[in-house]
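Chain residues, written in single-letter form:
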Amino acid sequence: MRVEAIILLFLGVFFGIVGIVYWFWSYEDAGTAMLVGTSALGFLPGSYYMFWHRRMGHRVEDRTDASIAEGAGDINSFPGSSIWPFVLGMGAFLTLLSLVFGIWLILPGISLILSAAIGVTAESRRGGHV
Amino acid sequence: MTDVTDVTDVLAPPAPGTGLDELPDLHRSPDAAGHGPQDGHAGHGHDEHGPTGILKWLTSTDHKVIGMSYMITSIVMFYFAGIMALFIRLQLSSPHSSLLTFGQYNELFTMHGSLMLYLFAGPFAFGGLANYVVPLQIGAPDMAFPRLNALSYWLYLTGSITMMMGFGVAGGAASFGWVAYAPLSSATSSPGIGGDVWIMALVLTGFSAIFTGVNLVATIFYLRAPGMTMFRMPIFTWNMLVTGILILIAFPVLTSGLIMLFCDRHFGTHIFTVGGCHLVTGAVTQTCGSPLLWQNLFWFFGHPEVYILALPFFGIVTEVLPVFSRKPVFGYKGMVFATMAIAALSTGVWAHHMFTTGAVLLPFFSFLSLLIAVPTGIKFFNWIGTMWHGQLIFTTPMLFSIGFLLAFLMGGVTGIMLASPPIDFATHDTYFVVAHFHQVLVGTAVFAGFAGFYYWYPKMFGRLLNDTLGKWHFWLLFVGFWVTFMPQYVVGLKGMPRRVASYPSNLGWQSYNVVSTIGAFIIAFSFGIMLWNLWAAWRKPVPAGDNPWDAHTLEWFTTSPPPHHNYTHLPPIRSERPTWDYNHPDSVAVPHGLAAEAAHRARQKEPVA
Amino acid sequence: MVGTALLLAGCKVPNFGEYPGATTQGKTENHLWQLFFIAGLVVGGFVLLLILWAVFRYRRKSEEMPKQTQYHTLMEITYTVVPILIVVGLFVFTVLAENNVDATPPDPGATITVHAFQWGWEFEYPGGPGSGCANPGSPTANQNDCVKVIGQTTQNPTMVIPTGTEVQINLNSLDVLHGFYVPQFNFSRYASPGYTTSFDFNALHTGDFRGQCTQLCGLYHSLMFFNVKAVTQSKFATWLHAQQALVKSHPSSVPKLPSGVSTGSSTNSSSNNQGGDLYGD
């Protein structure tokens, strides 16, 4: 996790510096706000990863000498297939279109989004498979 | 059980094809069905028991299916946008053409740009190729969040459909250019729902891109195979990681900007339009709402977006060149740091698109823009260094990669010119800029993009594309490319502005435009040949085998196409070329470091006994 | 050194397709263009030769395995440092040229206010003695007795400027973004609603120059032309006095903006020059 954390922290430091330079050179607020936001985007996850690196040490994927066998076993739950992303996508589609073509579309849109939220939660509880 | 734990063992493993079967088969066998650990072939089981037909496609969360869906959709969008480009070129082949009305012309170039940039180049790279290739390259069974990945695709598909809906709605499609500069994109200047449809399409695809970015970063951070350290990842994966981070920086700004634009259009706000209120600060009365703010927000997205469109393609070229030079990539670490430097700098240069507003800090943006030439130059020299002293094999992907080098060289040199504000003043919004960014984007998204397509096609479908047809595609595209865009530089310097549907006939611009139109049709013809090639490969499959190119990276170790969850077993990962190390145990790369390099050169100079 | 020599001897170097520049600002830009073009030619040509050499020289000739070289640290340092030096050099010349092109010295020989609108141009000159329009474009200016030239789309309104002196242009837009572009001056600038930007022309010789809107501004963007006519200072003075007299004697002869275009939203904000404080001065 160390390299990952350093990349993100570097991002934070770099945009922090650029943001400061930019502000005191131009006093332009929109760009400064975005640069500072980008700096936070680096610091937040970067320090999170650094925290976990301190606690976990090197994982097998961080060690140059790790063998494939060391990584055997469950690593994650990968659903084989699921209809809910499609339902959620269609719900988002209709909801956004309701802002253009008529607010009535928001009814089917929101109901699709809600059913997808319920469906995907139930699916995860059952172990990630349909 | 050969449990390889040490570099020395890699140097002398058994002959290729033997010994490996004894490696632990249980590499992180995914517990997809909740049945507990399975054997290496369990992946196929899901396919047989799962849904079939269209339902299988609708419900698939396999990164390979999603990646291919992305690729097919984006290539369809590419063909649509290409046809629009042909209409644009036909219109411009005579000064006062009546082929299109001014309104239709504005719609066409807006949609051409929107489709190419938002719906082809980006999704083709980070949704299509990256989705398919990155998990394979790092030895992962899938993306980190498969269902989020599927949602990304559905948002992208519905976004694309929404974008195309624009042509069907009253008042026609959006016609304010792909940058939607306020206040032209306001409700007063661009009434009609074409603009709203355009905004919603980009909100949908924007979220799709953000989700893909999250997924890519999480996959690369968490799902690498043991031994696949960050500095052993293939450059393509590195570039996709950096692209993922750039997406997370840039796309939220676009999406929030679009929502503000929508509020301006419908809810009476004046964020990007002048008017509505007056701020009185001392003696100065300032009107609320700033068109400049839209440009700042848009280009804070837009310039990283240019590199979101470029870095994946740099990655493809960095995969293809070493394989067909039969050498490791030259300056691997330099390549990684150059990628990061490009990404970091690209986020600090947005206002070089706004030099002529007269309201930006010129030296700051011009210096950072010029500075991008340095890491890009490092990449160039590394690509050349990769070919240097190699054994170059000119397959179709290799030709496309070399075509990319030449195209991007021209686009890069003119880019340095445009990074200088006075030169930008002279050429801004003329065909010089049009030629510049087409050379950059066609160089990356088309030359390098289709290099990747030809390169990974055997892996995706288990069959080869015809190399002769592929070379015809390349050469016609290459000729058409230069014929199309070189005259545009000249006519741009003569003062022809972009986005005009007609131009004065007494200025001698027509001949350049006619040549450019001819070039566009040569390009179109070359893509007809690609369709023919795909058709031929579909009708008469030529099996590809697992590793037709004798390639370096992990994805060529598994079958073509890979099984569900990708790997039944993996080779030991001891460098950034695990498959090559396994197949060529006596040709490992010379290690890094001044001392090691000096020792290596000394060895080379020793007379052969 | 090479660059300095180029800047001095610029007139002997070809223009590489660009206009030589009919103003001092345009000429400066042209010299910078020549420098960048030659630098691009040299560096790009060098890289091109390397690529072509690699492609032709290292075609596959045998089954022999090439040396698996991956690093050459000294070489890598070289091709990092040299481009940095080139870029810093180019940046120095950029800043020098930019300061020249962007300078707006006080007391210009003429001041013209340009309003862009869909789809045409309005050029405002000061009114005659006793006129309220001494400083066109300012909030207090009496807009009714300024000298105005207005033209839409293909009517090609003409902006008359004197040669041999600084002409300050105050540019803004009455509706959407437009681009004020005179190719032969090697210069363009956005006309934006909400703020006014200022720049100078110093025309080197008399002549007629075409201008056009470069920033997409809606349906008739393609037809938004104008002309710039550079005349000697005495001719300019004669023309302006005649116009001022005409305005005074026949106020109704002052052209009007087409209906639907209003000056209300943006002319009052000329004191809000967002560009002015950003150049670090």
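Residues numbered from 1 in each chain as written. Chains lettered and ligands numbered in written order. Predicted model: local features only at pLDDT ≥ 70, side-chain atom pairs only at ≥ 80, totals over all residues. Heavy atoms only, no water.

**What to know about the interface of chain C and chain B**
Heads up, the condition is: When checking whether two residues touch, look at their non-hydrogen atoms; a contact exists if any pair is within 4.5 Å. By buried area we mean how much accessible surface two parts lose on assembly, using a 1.4 Å probe and totalling the loss over both. Salt bridges are defined by distance alone: a side-chain nitrogen of Lys or Arg within 4 Å of a carboxyl oxygen of Asp or Glu. Under the rule applied, a polar contact is a pair of N or O atoms within 3.5 Å (in protein, one hydrogen donor and one hydrogen acceptor; residues adjacent in sequence only if both atoms are side-chain atoms). Secondary structure elements are defined from DSSP: runs of H or I of at least 4 residues count as helices, runs of E of at least 2 residues count as strands, and each element is numbered from the N terminus. Amino acids outside the nonpolar list (Ala, Val, Leu, Ile, Met, Phe, Trp, Tyr, Cys, Pro) and the charged list (Asp, Glu, Lys, Arg) are all regarded as polar, and Gly is one of them.
Facing 87 residues of chain C, the contacting portion of chain B comprises 103 residues. Between chain C and chain B, roughly 8300 Å² of surface is buried when both sides are summed, and carbon and sulfur atoms account for 66% of that area. Our count for the chain C to chain B interface comes out at 0 salt bridges. Remark: the boundary between chain C and chain B carries 23 residue pairs in polar contact (both at pLDDT 80 or more). Elements that contribute at least two residues to the side of chain C that touches chain B include exactly α2 (24-57), α3 (73-102), β7 (187-191) and β9 (207-213) of chain C. Per element, the largest residue contribution to the side of chain C that touches chain B is 16 residues, and it comes from α3(C). Residues belonging to the side of chain C that touches chain B are distributed by class as follows: 45 nonpolar, 29 polar and 13 charged.

**Notes on the side chain of B:H303**
Residue and element names in this part refer to chain B. To be explicit about the condition: Type-normalised accessible area, obtained with a 1.4 Å probe on protein chains alone, sets the label of each residue: buried when under 20%, exposed when over 50%, and partly exposed for intermediate values.
Assignment of secondary structure puts H303 in helix α9 (residues 291-325). Here H303 falls in the buried class, since its relative accessible area comes to 6%. Those residues in contact with H303, other than ones at most four positions away along the chain, are S346, V349, W350, H352 and H353.

**Thoughts on the sheet that holds strand β6 (residues 178-182) of chain C**
Residue and element names in this part refer to chain C. The criterion, for reference: Two strands pair under a simple rule: DSSP has to find at least two bridges between them. In this analysis, axes come from line fits to C-alpha atoms, helices being fitted only over the stretch in contact, and the angle between any two N-to-C directions falls in the range 0 to 180 degrees.
Read from one edge of the open sheet, 5 strands run β4-β10-β9-β6-β7, paired in mixed fashion. The outermost strands of the open sheet, each flanked by one partner alone, are β4 (158-162) and β7. Adjacent strand axes in the sheet meet at a mean angle of 25 degrees, parallel and antiparallel pairs treated alike. Across 5 bridges, β6 lies against β7 in antiparallel orientation. Directly across from Y181, in β7, lies its bridge partner S188.

**Quick look at the interface of chain A and chain B**
Between chain A and chain B, the residue contacts involve 62 residues of the former and 78 residues of the latter. Approximately 5900 Å² of surface area, both sides summed, lies buried where chain A meets chain B, with 74% of it carried by carbon and sulfur atoms. Three residues stand out in chain A for area buried against chain B, namely A:E61, A:I68 and A:F78, and they jointly supply 13% of the buried area on that side. Taken together, the links from chain A to chain B amount to 3 salt bridges. Among the ionic pairs, B:R147 bridges to A:E123, the shortest N-O distance being 2.6 Å.

**Quick notes on the sheet that holds strand β8 (residues 197-201) of chain C**
Paired through backbone hydrogen bonds, the strands of a sheet run either parallel or antiparallel to each other. All names here are of chain C. Strand order in the open sheet formed by 5 strands is β3-β2-β1-β5-β8, and the pairing between neighbours is mixed. At either end of the open sheet lies a strand with only one pairing partner, and these are β3 (147-152) and β8. This sheet shows a mean twist of 20 degrees between the axes of neighbouring strands, independent of strand direction. Relative to strand β5 (residues 167-173), strand β1 (residues 110-117) runs parallel, the two being bridged by 7 bridges. Among the inter-strand pairings, I112 is bridged to a residue of β5, identified as I169. Across the sheet, helix α4 (residues 233-249) lies against β1, β2 (120-125) and β3, angled at about 90 degrees from β3, the strand it touches most.

**Thoughts on the nonpolar core**
Rule in force here: Nonpolar cores are built from buried Ala, Val, Leu, Ile, Met, Phe, Trp, Tyr and Cys residues. Side-chain atoms within 4.5 Å join them into one set.
B:F450 and C:F180 are the most contacted members of the largest nonpolar core, which has 289 residues in total. Ranked by the residues each element gives to this core, the list is headed by helix α5 (residues 102-137) of chain B, at 21 residues. Ignoring any residue separated from it by four or fewer positions in sequence, one finds C:F180 in contact with C:V114, C:W121, C:F123, C:M159, C:L171, C:F187, C:S188, C:R189, C:F199, C:F201, C:Q212 and C:F226.

**Examining a nonpolar patch on the surface**
All names here are of chain A. Spelled out, the test is: Grouping into patches uses exposed residues only, defined as over 30% relative accessible area, and leaves out salt-bridged ones; the cut-off is 9 Å for like charges and 5 Å for nonpolar side chains (Val, Leu, Ile, Met, Phe, Trp, Tyr). Residue burial considers only the protein chains on display, and all accessible areas are found by Shrake-Rupley using a 1.4 Å probe.
On the surface, a cluster of nonpolar side chains totalling about 430 Å² of accessible area is made up of V13, I17, V21, W25 and F43. Per element, the largest residue contribution to the nonpolar patch is 4 residues, and it comes from helix α1 (residues 2-26). Residue position: I17 is located in helix α1.

**A short note on the pairing of β1(C)**
On a regular strand, each side chain points to the face opposite its neighbour's, so the side chains alternate between the two faces of the sheet. Of all the 8 residues making up β1(C), 7 are buried; the element is thus mostly covered by neighbouring parts of the structure. Counted between consecutive antiparallel strands, the loop separating β1(C) from β2(C) contains 2 residues.

**Remarks on the side chain of B:T237**
Summarising the element assignment, B:T237 is placed in helix α8 (residues 235-266). In this structure B:T237 touches B:V134, B:Q137, B:I138 and B:I220, once residues within four positions along its chain are discounted.

**So, the domain arrangement of chain B**
All names here are of chain B. So the rule is basically this: Where each domain begins and ends follows an automated or database-derived domain assignment.
In terms of domains, chain B is made up of domain 1 (60-274) and domain 2 (310-544). Its C-alpha centre places domain 1 at a distance of 19 Å from the equivalent point of domain 2. In this assembly, 45 residues from domain 1 lie in contact with 55 residues from domain 2. Summing both sides of the interface, domain 1 and domain 2 together bury roughly 4100 Å²; the carbon and sulfur share of this comes to 73%. For the domain 1 face of the interface with domain 2, the top three residues by lost area are R89, P95 and I235, together amounting to 17%. In this assembly, domain 1 and domain 2 are joined by 0 salt bridges.

**Looking at the pattern of salt bridges**
Taken as a whole, this structure holds 17 salt bridges over all chains when the rule is applied. Of the charged contacts in the structure, one is a salt bridge between A:E4 and B:R224, with a shortest N-O distance of 2.9 Å. Of the two residues, A:E4 sits in helix α1 while B:R224 sits in the loop between α7 (193-222) and α8, which places them in two different chains. One salt bridge in this structure joins B:D467 and B:K471, with 3.4 Å as the shortest N-O distance. Remark: B:K471 and B:D467 occur in helix α16 (residues 467-493); sequence separation between them is 4 residues, near one turn of the helix. On the basis of relative accessible area, B:D467 is assigned to the partly exposed category, the value being 29%. Owing to a relative accessible area of 30%, B:K471 belongs among the partly exposed residues under this scheme. Here the salt bridges do not stand alone but share partners, grouping A:E4, A:R59, A:E61, A:D62 and B:R224 into one network.

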